Amino acid sequence: MISAYSGTQVRAAEEPLLAAGLGDVLMQRAAHGLANAVITELRARGRRLYGTRVVVLAGKGNNGGDGLYAAAFLAGRGMRTTAVLTGGAAHPAALAAFLRAGGHAEELTGETLKPLAAETARAGVVIDAILGTGAKGGLRGSAAALVEAVLEARRTDGGNGFVVACDLPSGVNADSGEAAGPVLPADLTVTFGGAKAGLLADPGADHAGRVHVVPIGIEEHLPAPALRRLEEAELSRLLPQPARRAHKYSRGVLGIVAGSVQYPGAAVLACRGALAAGVGMVRYLGPPEVAHLVRQSCPEVVCSDGAVADNRVQAWLVGSGMGPEDHEQLARARDAIQSGLPVVADAGALPALPSKLAPHVVLTPHAGELAALLKRLEGEADARFGDREAVEAATFDAVRKAAGLTGATVLLKGPATLVAIPGGEAFSQADGTPWLATAGSGDVLAGVIGALLAQAGSAVEPYRFLGMGDDGRWAALAALGAALHGIAGRAASDARSGGPITAGGVAEAIPEIWGKVSMLSNSGAWKRNSHSQPLR
Ligand SMILES: NC(=O)C1=CN([C@@H]2O[C@H](COP(=O)(O)OP(=O)(O)OC[C@H]3O[C@@H](n4cnc5c(N)ncnc54)[C@H](O)[C@@H]3O)[C@@H](O)[C@H]2O)[C@@H](O)CC1
Ligand SMILES: Nc1ncnc2c1ncn2[C@@H]1O[C@H](COP(=O)(O)OP(=O)(O)O)[C@@H](O)[C@H]1O
Ligand SMILES: [K+]
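As recorded in an unreviewed UniProt entry, the protein chain goes by Bifunctional NAD(P)H-hydrate repair enzyme and comes from Pseudarthrobacter chlorophenolicus. Taken from UniProt, the Subunit (unreviewed entry) comment for the protein chain reads in full: "Homotetramer."

This is the structure we're talking about:
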């Protein structure tokens, strides 16, 4: 699991070591990790260190100090290093070390801005150490002008050096991933002590490139993370496996209220997602025309046009492919949401939610749907997240806000899919490929999460190892679904040499991904019944 922290959490964890006079030791460790990452990257690219030009953009604080110490180390290895001092001053000891090592420093001024921007754009390596966790707001003033000029020079002259962000791309908010001003996008972010939450949430995640965490000795002082990312070890532990004496009802039945005469395909794709994700049985409720199509495409599904109350299930999925005019389906969706069972509420169910929900209700909006939901809940006049762009500019805050206002678990779909419960645990999964942005892909995801909810029952124990409160399991389940969906999408594309995929293709890829991920677990996966079948 990747654990990510707010800037404040990391700074608090540094406190005891700073109080013990270890500030310079921490900085040396950070700088060393940064320099080593640069060397590893250059070697991986088949580039020589000797003579390669490095420009470090160094702010006046400790982030700039890290960058200057790292550049001093690289100068000692024969790299040609220039420091651009962006804040009118620099960390004195780090600057002295840099100059001693043979580095060359330039002050950023009105006159030097253009030539320094051109030099930065041409450099083989750029270390962005303007601002770190001490930033207030985005880049401003001459530092902002420099980054804009570098971006412009790269656009026009095509510089292709790689950019390494020191701790986080300067101007990205460590807590939220927001970026109020210009940002130099990094190929690699080397972050210290623990990943920053803003590196796992867009737009910060988009600017960060690959994220590499360098331990500096503060780790034992870190609290519970602000944001988690499940990796293979956790996924394999959390994937349900049928017990030897399982029967279809004990494995979990998912009721699906989805699709409409206008969008019948959504019902089919949701069913396919659910069937691929290990559920014991799917019951479909909807108009006869849609049920007919579902039967033809998925003969495993039991269809009816009955009422929610007449169907015994362990979880519901409602809303995919439904519009505001589908009154009968919407009435079923409301009944399902109020049943007290775990529910995925997707697409068309989102505008028709009851006012107070609980974390066992998982909402699955994309950014546009989340904006509409928040606009309704906050009131149009006060809405901070009134449109898709506003949500995309602050995804982590938006998803947390929606969880807080609704009381539900909220999953915001996107390149980094975020999941949050009210006032608590949050996850970020970025396992997919942009090819997943294809019609019907969200319906498959809703089916997958529905199937996981149906299999999870009320079990709490399997999630304890994640170190969260009990409600956090709803977020973990949703994150597990997003991860499966993302990995399956990537596998489906890889099987076509990286080419496009269809939503149906994603569903088809899920069982094999499930099998592969489960095989990684040797601790015995999640067992609902007492007689478990060992994994082979
Ligand atoms: N505390 C420590 O001893 C350690 C800190 N570390 C590094 O130090 C960084 C944090 O250092 P600082 O607290 O000095 O803060 P920064 O280096 O992030 O920011 C420095 C200063 O920039 C100014 N500033 C803030 N917002 C600005 C903006 N929007 N535009 C222009 N200037 C702005 C402020 O005066 C601020 O104090 C971390 O990100 C990490 O890289 C690491 O070296 C590990 C140890
Ligand atoms: N750029 C992207 N990179 C990776 N995954 C993406 C990207 N854009 C969208 N996705 C994923 O694709 C799915 C799209 O869902 P959604 O927008 O609901 O599609 P639809 O409504 O057509 O079913 C989500 O799982 C989302 O996380
Ligand atoms: K930085």
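A. The arrangement of the site of ligand 1 in detail. Close to ligand 1 lie 28 residues; Gly61, Asn62, Asn63, Gly132 and Gly134 are nearest. Elements represented by at least two residues in the shell around ligand 1 include exactly helix H1 (7-19), helix H2 (23-44) and helix H3 (62-76). Its residues placed into classes, the shell around ligand 1 shows 11 nonpolar, 11 polar and six charged.

B. Main features of the nonpolar core. Leu68 and Ala274 are the most contacted members of the largest nonpolar core, which totals 187 residues. Considering every element that reaches this core, the biggest residue donor is helix H16 (residues 472-494), with 13 residues. If you count residues domain by domain, this core takes at least three from each of domain 1 (2-229) and domain 2 (232-519).

C. View of the sheet that holds strand E6 (residues 162-166). Across the sheet, seven strands lie side by side as E4-E3-E2-E5-E6-E7-E9; this open sheet has parallel pairing. Each of the sheet's edge strands pairs with one partner strand only, and the pair in question is strand E4 (104-107) and strand E9 (210-214). On average, adjacent strands in this sheet sit at an angle of 20° to one another, irrespective of strand direction.

D. Structural detail: the domain arrangement of the protein chain. Looking at the assigned domains, one finds that the protein chain contains domain 1 (2-229) and domain 2 (232-519). Relative to domain 2, the C-alpha centre of domain 1 lies at a distance of 38 Å. The interface of domain 1 with domain 2 comprises 14 residues on the first partner and 16 residues on the second. Per element, the largest residue contribution to the side of domain 1 that touches domain 2 is three residues, and it comes from strand E10 (residues 227-229).

E. Structural view of the site of ligand 2. Every one of the 17 residues lining ligand 2 counts as a neighbour, but Lys413, Pro415, Leu436, Ala437 and Gly442 are closest to it. Per-element tally for the shell around ligand 2: the top contributor is helix H15 (residues 441-456), with four residues. Among the residues forming the shell around ligand 2, the class breakdown is six nonpolar, nine polar and two charged.

F. Up close: the packing of H15 against helix H17 (residues 503-519). One way to put it is that H15 packs onto H17 with a least axis distance of 8 Å and a crossing angle of 30°. Accordingly, the angle class assigned to the pair H15 and H17 is roughly parallel. In terms of crossing hand, the pair formed by H15 and H17 is right-handed. Between H15 and H17, the contacting residues are Ser441, Asp443, Val444 and Val448 on the first element and Ala503, Val506, Ala507 and Ile510 on the second. Considered class by class, the residues forming the contact of H15 with H17 number six nonpolar, one polar and one charged.

G. Representation of the pairing of strand E11 (residues 253-257) within the structure. Most of E11 sits out of view: five of its five residues are buried. Burial along E11 is two-sided: Val253, Gly255 and Val257 facing one way and Leu254 and Ile256 facing the other are all buried. Two strands pair when backbone bridges link them, and E11 and strand E12 (residues 281-285) are joined in this way by five bridges, in the parallel orientation. When the sheet's bridge partners are listed, Ile256 is paired in E12 with Tyr284. In terms of strand pairing, E11 meets strand E14 (residues 315-318) through four bridges, oriented parallel. Opposite Ile256, over in E14, you have Leu317 as the bridge partner.

H. Examining H15 more closely. Helix length check: H15, at 16 residues, gives a terminal C-alpha distance of 23 Å against a target of 22 Å (1.5 Å per residue), a fit within 8%. Burial analysis of H15 places 16 of its 16 residues in the buried class, which makes it a mostly covered element. Phi turns positive, to about 55°, at Gly457, one or two residues after H15.

What counts, and at which threshold
Residues numbered from 1 in each chain as written. Chains lettered and ligands numbered in written order. Predicted model: local features only at pLDDT ≥ 70, side-chain atom pairs only at ≥ 80, totals over all residues. UniProt positions renumbered as here; feature names shortened; annotations may be inferred. Near = placed C-beta within 6 Å. Helix = DSSP H or I, 4+ residues; strand = E, 2+ residues; numbered from the N terminus. Nonpolar A, V, L, I, M, F, W, Y, C, P; charged D, E, K, R; others polar. Core = buried A, V, L, I, M, F, W, Y, C linked by C-beta atoms within 7 Å. Buried ≥ 20, exposed ≤ 12 C-beta atoms within 10 Å, placed from the backbone. Domains from an automatic or database assignment. Pairing = 2+ DSSP bridges. Axes fitted to C-alpha atoms, helices over the stretch in contact; angles between N-to-C directions. Contact = placed C-beta atoms within 7 Å. Parallel < 35°, antiparallel > 145°, perpendicular 65-115°, else oblique. Left-handed = near helix turned anticlockwise from the far one by under 90°. Expected span 1.5 Å × (residues − 1).

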